[in-house]
Amino acid sequence: LNPETVTVLLGDRSYDIFFGREIYSLFQEWICRFYPGGTVHVVTDRNVASIYGGDIQRWLAGIPHDVLALPPGEEHKNFDTVREIYGFLARGDAGRDSLVVAFGGGVVGDLAGFAAATYLRGISCIQVPTTLLSQVDSSVGGKTGVDLPEGKNLLGAFHQPTAVWIDPQFVETLPPREFRQGMAEVIKMALLGDEDLWSHLQDHAREIKQAGSAALTHTIASCCRLKASVVAADEKEAGHRRVLNLGHTVGHALERLSDYQILHGDAVAIGLNSAARLAVRLGWFSRETLMRLEELCREWQLPTRLPPEFTPDAILSAIKSDKKCLDGKLHFILPLRIGAVIERSDLDMEELKRVLQEQQGS
Ligand code: ADP
Ligand code: ZN
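The rules behind these values
Residues numbered from 1 in each chain as written. Chains lettered and ligands numbered in written order. Predicted model: local features only at pLDDT ≥ 70, side-chain atom pairs only at ≥ 80, totals over all residues. Heavy atoms only, no water. Phe/Tyr/Trp six-rings, centres within 6.5 Å; stacked < 30°, edge-to-face > 60°. Helix = DSSP H or I, 4+ residues; strand = E, 2+ residues; numbered from the N terminus. Buried < 20%, exposed > 50% of the residue type's maximum accessible area, 1.4 Å probe, protein only. Lys NZ or Arg CZ within 6 Å of the ring centre and 35° of its normal. 1 Å grid on protein atoms, 1.4 Å probe; cavity = no way out; pocket = protein on both sides within 12 Å on 5 of 7 lines; lining within 4 Å. Points joined across faces, edges and corners; volume = space filled by probe spheres on them. Nonpolar A, V, L, I, M, F, W, Y, C, P; charged D, E, K, R; others polar. Pairing = 2+ DSSP bridges. Axes fitted to C-alpha atoms, helices over the stretch in contact; angles between N-to-C directions. Contact = heavy atoms within 4.5 Å. Near = heavy atom within 4 Å. Polar contact = N/O pair within 3.5 Å; in protein donor to acceptor, adjacent residues only side chain to side chain. Donors = N, O, S within 2.8 Å, 3.2 Å for Na, K, Ca; no water.

As a further point, take the packing of aromatic side chains. How two aromatic rings sit relative to each other is given by the distance of their centres and the angle of their planes. Applying the stated criterion to the full structure yields twelve aromatic pairs. Ring geometry for Trp30 versus Trp165: centroids 6.1 Å apart, planes at 75°, classification edge-to-face. Of this pair, Trp30 sits in helix α1 (residues 24–34) while Trp165 is found in strand β9 (residues 163–166), placing the two residues 135 residues apart along the sequence. Ring geometry for Phe79 and Tyr86: centres 6.4 Å apart, planes at 70°, overall edge-to-face. Here Phe79 falls in the partly exposed class, since its relative accessible area comes to 37%. In textbook terms, an aromatic cluster arises when at least three aromatic residues are bridged by ring pairs, as seen for Phe18, Phe27, Trp30, Phe34, Tyr35, Tyr52, Trp59, Phe103, Trp165 and Phe170. For the cation-ring pair, Arg58 lies above Tyr24, with the distance from its terminal atom to the ring centre recorded as 5.9 Å. Between the NZ or CZ atom of Lys209 and the centre of the ring of Trp300, over which it lies, the distance is 4.8 Å.

Here you go:
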């Protein structure tokens, strides 16, 4: 039984992403081979533990391990929770050769990844993502992050995992609105770099909605393959990795303006439409493809319009005050066609404003 794999090529920090249903026996073999003898420290959250407690035991069967179940949700992605993980590791006698397994969504991945990056100046971490969003995006690439009261992800470290294990069956229990958040990143990936994935999304929507289907596995693997190649080319976001921010400039502004009441994927979907509309306006992207993007978003119940309570001016000033914009230049990623984007830092804010006005009207 050979699961599908994608390798993230980063020299001596290269690692594999394994995909497939019920891949836990391979996971066990892999752990026994690469981490013989040590205790494995599993970090999860209480929601995941209550649904998948049995699975966690099955994945870790025969391997000495302990489990920490954190309070779930982004509101706990803070330093108090990281402190809890440090205590758990210290009490479990974690040493330089110990392994942290992050078993859960993006919040667990960020927190456990950050703790692993900093405990004893860095110990190994494996990601077992259980939400679609974390399977297609956050579990790959080594970014970890923790929120401060002053802002999101103000603490963080690049710490590549030593492997990522993705079982698409886990998404079966996700509430539809969480599944949708992942689909926004999937659509982003297809638009920015994978024409075949775009066709797959258009032609196989019904199969993709089936957790554990080959169509869903293919979707996730395609996203990871693309992300792996972007990360391999630019691990620390010196340049090329910024293409992954397609849709995120307007998206982040909306999240912040709504005090995070608008969820990340929903905000990104709106932002993808803003970027595409701006590109149409500048004559770089076809109106017909913009319509296909809107259709795809509708298929997945993702918003495309700007909610009426956010004025274009408020969005523009939120964009300008973003810390990523501090060099005075706005790095905006725009689509050129399905599978190709361009980064521009010379865009006229007035053009963006007109696009936002248009996106708000009907
Ligand atoms: P992200 O969307 O970044 O992956 P979280 O880690 O906060 O964010 O996960 C979103 C929510 O879904 C959390 O409440 C988490 O406990 C829950 N969750 C994670 N995995 C699953 C799953 N497979 N089934 C149901 N709920 C899950
Ligand atoms: Zn994102």
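On to empty space enclosed by the protein, then. To locate leftover empty space, one rolls a probe as large as a water molecule over the atoms. Tallying each qualifying case throughout the model produces one cavity of 30 Å³ or more. When its volume is computed, the largest cavity comes out at roughly 120 Å³. Lining the largest cavity are 19 residues, and of these Gly109, Gln127, Ser138, Ser139 and Lys143 lie nearest its centre. Contributions of two or more residues to the lining of the largest cavity are made by α4 (106–118), β6 (124–129), α5 (132–138) and β7 (143–148). If you tally residues by element for the lining of the largest cavity, the top one is α4, at four residues. Tallied by class, the residues present in the lining of the largest cavity amount to four nonpolar, 13 polar and two charged.

Turning our eyes to something else, we now look at the sheet that holds strand β4 (residues 65–70). Taken together, the seven strands give an open sheet; going across it, the order is β1-β2-β9-β6-β5-β3-β4, and neighbouring strands pair in mixed fashion. A strand with exactly one partner marks an edge of an open sheet, and here the two such strands are β1 (4–8) and β4. Going across the sheet, the axis of each strand differs from the next one's by a mean of 20°, ignoring polarity. Examined bridge by bridge, strand β2 (residues 15–19) and β9 share four bridges and lie parallel to one another. Considered in β9, the bridge of Ile17 is made with Val164. Against the sheet, α4 touches β3 (40–45), β4, β5 (99–104) and β6, its axis set at about 165° to β5. Sheet strands in contact with helix α9 (residues 214–233) are β1, β2 and β9, and its direction is about 15° off that of β1.

Near ligand 1 you find 16 residues, and of these Asp45, Gly106, Thr130, Thr131 and Thr173 are the closest. A distance of 2.9 Å separates an oxygen atom of ligand 1 from a polar atom in the side chain of Asn47. Secondary structure elements with two or more residues in the shell around ligand 1: α2 (46–59) and α4. Per-element accounting of the shell around ligand 1 gives the leading share, four residues, to α2. Partitioned by chemical class, the residues of the shell around ligand 1 number eight nonpolar, six polar and two charged.

Before going further, it helps to examine the coordination of the zinc ion (ligand 2). Only Glu185 (OE), His248 (NE2) and His264 (NE2) from the protein coordinate the zinc ion (ligand 2), and they sit 1.9 to 2.1 Å from it. Written as a sequence motif, the donor residues of the zinc ion (ligand 2) are E-x62-H-x15-H. Here His264 lies in helix α11 (residues 264–281) and Glu185 lies in helix α6 (residues 176–193), a separation of 79 residues in the sequence.

Once that is clear, we can look at the side chain of His248. By secondary structure assignment, the location of His248 is in helix α10 (residues 248–257). A distance of 3.3 Å separates the side chain of His248 from the side chain of Glu185, its partner in a polar contact. A polar contact of 3.2 Å, which involves the side chain of His248, links it to the side chain of His264. Excluding its chain neighbours within four sequence positions, the residues that come into contact with His248 are Glu185, Lys188, His264 and Val268.

The quantities given are spatial measurements derived from coordinates; they are silent on function.
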